[in-house]
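# Structural features, examined
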Amino acid sequence: LPALFKQELQNTEAEEGGTVTLRCELTKPKAPVEWRKGDITLYPGLKYEMKQQGSTAELVIYELELNDS
């Protein structure tokens, strides 16, 4: 069976230039997660950090800009 969201992403407010962490909880631990913004797949680097522990996946976005919304 595919992994489903137990807890979906919540809307989060943050300030420009700051950092935000987005979290979701899945029904299967260590299920593969692909973070996307529209049609664009996000990859780890200076701007984005992806973390996953058990069934919780996190995306950290650094140096927030208006177009990150």
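In short, a report on the structure. This structure is a prediction, so every number in the text was calculated from the model and none was measured.

## Notes on the overall build of the protein
Broken down by element type, the protein carries 0 helices and 6 strands. For the protein, the α and β elements follow one another from N to C terminus as β-β-β-β-β-β. Its C-alpha atoms put the protein at 40 × 20 × 20 Å along the principal axes. Across the protein, contacts joining residues at least 24 apart in sequence account for 48% of those joining residues at least 6 apart. Taken as a whole, the protein presents about 5,500 Å² of accessible surface, with 50% of it coming from carbon and sulfur. Of the charged side chains in the protein, 8 are positive and 12 negative, and the gap between their average positions amounts to 10 Å.

## Describing the nonpolar core
Val20, Leu22, Cys24, Leu26, Ala31, Trp35, Leu42, Tyr48, Ala57, Leu59, Ile61 and Leu64 form the largest nonpolar core, which has 12 residues in total. Elements with a contribution of two residues or more to this core: strand 2 (20-26) and strand 6 (56-61). If one sorts the elements of this core by residue count, strand 2 sits on top with 4 residues. For Ala31, the contacting residues outside a window of four places in its chain are Ala3, Leu26 and Gln52.

## Let's talk about the environment of Asp68
Counting through the fold element by element, Asp68 comes out in the segment after strand 6. What makes Asp68 buried here is its relative accessible area of 17%. Note: C-alpha distance between Asp68 and Lys47 (21 residues apart in sequence) is 10 Å. Those residues in contact with Asp68 that lie beyond four places of it in its chain are Lys37, Lys47, Tyr48, Ile61 and Glu63. A polar atom in the side chain of Asp68 sits 2.7 Å from the backbone nitrogen of Glu65.

## Regarding the layout of surface pockets
As a volume, the largest pocket reaches approximately 490 Å³. As for the largest pocket, its lining consists of 21 residues, of which Val20, Ile61, Leu64, Asp68 and Ser69 are closest to the centre. Going through the elements one at a time, strand 2, strand 3 (36-37) and strand 6 are the ones with two or more residues in the lining of the largest pocket. Each residue belonging to the lining of the largest pocket can be placed in one class, and the counts come to 11 nonpolar, 4 polar and 6 charged. Its volume calculated, the second largest pocket comes out at about 180 Å³. Looking at the second largest pocket, the residues that line it are Ala3, Leu4, Phe5, Glu8, Leu9, Cys24, Leu26, Ala31, Pro32, Val33, Glu34 and Trp35. For the lining of the second largest pocket, the class distribution of residues is 10 nonpolar, no polar and 2 charged.

Calculation rules
- Counting of residues starts from 1 at the beginning of each chain's written sequence and follows it residue by residue.
- Confidence filtering applies because this is a predicted model: local features only for residues at pLDDT of at least 70, side-chain atom pairs given and counted only at 80 or more, and all residues used for totals across whole chains, interfaces and linings.
- Note: side-chain values were computed over all heavy atoms of the structure, leaving out hydrogens and water.
- By definition, any uninterrupted DSSP run of H or I lasting at least four residues is a helix, any uninterrupted run of E lasting at least two residues is a strand, and each is numbered from the N terminus.
- Two residues form a contact once any of their heavy atoms are found within 4.5 Å.
- Per-residue accessibility takes into account occlusion by the displayed protein chains alone, with areas from the Shrake-Rupley method and a 1.4 Å probe.
- We count Lys and Arg on the positive side and Asp and Glu on the negative side, and we leave His and both chain ends out.
- Just so you know, the charge point we use is NZ for Lys, CZ for Arg, CG for Asp and CD for Glu.
- In these notes, a set of buried Ala, Val, Leu, Ile, Met, Phe, Trp, Tyr and Cys residues joined through side-chain atoms within 4.5 Å is what counts as a nonpolar core.
- Here the term buried applies to any residue with accessible area under 20% of the maximum for its type, exposed to any over 50%, and partly exposed to those in between, with areas from a 1.4 Å probe on protein chains only.
- Here a polar contact means two N or O atoms within 3.5 Å. Within protein one must be a hydrogen donor candidate and the other an acceptor candidate, and residues neighboring in sequence count only if both atoms are side-chain atoms.
- Only protein atoms enter the 1 Å grid, on which a cavity is a set of points fitting a 1.4 Å probe that cannot get out and a pocket is an open set with protein on both sides within 12 Å along at least 5 of 7 lines, lining residues being those with an atom within 4 Å of a point.
- Grid points are joined across faces, edges and corners, and a volume is the space filled by probe spheres set on the points.
- Under the convention adopted here, Pro, Cys and the residues Ala, Val, Leu, Ile, Met, Phe, Trp and Tyr are nonpolar, Asp, Glu, Lys and Arg are charged, and Gly plus all remaining residues are polar.

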